[in-house]
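# Geometric and topological summary
In case you want the letters, here they are:
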Amino acid sequence: MPYAIQLAAAEGWNPGLQDAATFLAADPEGFLMAELEGEPVGCISAVSYPGGFGFIGLYIVEREYRGCGIGRALWRKAMQRLRGTNIGLDGVVAMQDTYAKSGFKLAYRNVRYTASDLPSPGTLPDDIRLMPAADVPFADLVAYDRRFFPSERQAFLRAWIRQPDAVALTALGREGLRGLGVLRRCREGHKVGPLFADSGEIAKLLLLSLASQRNSTGPVMLDVPEVNPAAVALAEEAGMQVTFETARMYTGDPPLVDLGGIFGVTTFELG
């Protein structure tokens, strides 16, 4: 797994400092590596979630070995592992036609917004309070996360909210949990994901509060589903700029999740 994260860093994907350990929590058997004469030369992830959902990511072959069939072999293994599931991925622009030939269909774009600084969060609304995610009953977190993700991911969620070099916050209202956000430190700056909320106001509060608690300098990144206008507006109003995009694609129909409450994708590698 550390090898895959190193390759991702070399590709400029700016992985989180704890991604190796937290990704493994999602599916310990879901990370495949290609070897040539005993040396690693490429990788891919094929993470299987309960309920017939899978996700492919971290599809990388070292540059000097591209064009030799290694990537095709990795791809076949990943697709075989997830056979019978609805498979999702976030495809970079250069690979989207290739994925379409394998049966993936475009659902929407995810757009990365980046800012070197963000405003302060200001005063909390009277009916909202922020609390560390680790202090909230875990069953409540699992249920809330499930609104926005196609499957329960308890082991991953537990590792994700408790990872070092991260801040995980919830927004609580009179009706209970109303938002969840995690900021994690990366090779450069920080990424916020997930950012789930019942409203744009709560999402903004979480985003700015998370950014205000980061423990190092560098940019803040947020991966926004373009189909959520409120999420796009949040990023633009915070002064963030578009720096990257992917295509969210699935082999089946797009899962039925609350896209209107997704203001930031958890991570492109795992969905």
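Keep in mind the model is a prediction, meaning the values are calculated, not measured.

Conventions we followed
- Residues numbered from 1 in each chain as written.
- Predicted model: local features only at pLDDT ≥ 70, side-chain atom pairs only at ≥ 80, totals over all residues.
- Heavy atoms only, no water.
- Helix = DSSP H or I, 4+ residues; strand = E, 2+ residues; numbered from the N terminus.
- Buried < 20%, exposed > 50% of the residue type's maximum accessible area, 1.4 Å probe, protein only.
- Contact = heavy atoms within 4.5 Å.
- Areas by Shrake-Rupley, 256 points an atom, 1.4 Å probe, with all protein chains shown as cover.
- Lys, Arg positive; Asp, Glu negative; His and termini not counted.
- Charge placed at Lys NZ, Arg CZ, Asp CG, Glu CD.
- Arc of directions from axis to C-beta.
- Salt bridge = Lys/Arg side-chain N within 4 Å of Asp/Glu carboxyl O.

The next subject is the overall build of the chain. Looking only at helices and strands, the chain features 8 helices and 12 strands. Expressed as lengths along the three principal axes of its C-alpha atoms, the size of the chain is roughly 60 × 35 × 30 Å. Relative to its full complement of 271 residues, the chain shows a buried share of 52%. Considering only contacts within the chain whose residues lie at least 6 apart along the sequence, 72% involve residues at least 24 apart. Of the accessible surface of the chain, which amounts to about 12100 Å², a share of 50% is contributed by carbon and sulfur atoms. Of the charged side chains in the chain, 26 are positive and 31 negative, and the gap between their average positions amounts to 3 Å.

Let us look at helix H6 (residues 154-161). Here H6 has its buried residues at Phe 156, Leu 157, Trp 160 and Ile 161. Each buried residue of H6 sits inside an arc of 115 degrees when the element is viewed along its axis, so together they form one side. The secondary structure elements touched by the buried residues of H6 are helix H2 (19-26), helix H5 (138-146), strand E7 (166-173), strand E8 (176-185) and strand E9 (190-197).

One side chain can pair with another of opposite charge once the charged atoms of both are near each other. What the rule picks out here adds up to 13 salt bridges. Where Asp 223 meets Arg 112, a salt bridge forms, and the shortest distance between an N and an O atom there is 2.6 Å. With Asp 223 in strand E10 (residues 220-225) and Arg 112 in strand E5 (residues 105-115), this residue pair connects regions lying 111 residues apart in the sequence. Arg 112 matches Asp 223 in its accessibility class, with the two residues each being buried. Linking Asp 198 and Arg 147 is a salt bridge whose minimum nitrogen-to-oxygen distance equals 3.2 Å. On the criterion of sequence distance, the pair formed by Asp 198 in the loop between E9 and helix H7 (200-212) and Arg 147 in the loop between H5 and H6 is long-range, its members being 51 residues apart. What makes Asp 198 partly exposed here is its relative accessible area of 35%. Among the ionic contacts, a cluster of salt bridges with common partners joins Arg 147, Arg 178, Asp 198 and Asp 258.

Shape descriptors only; they carry no functional weight alone.
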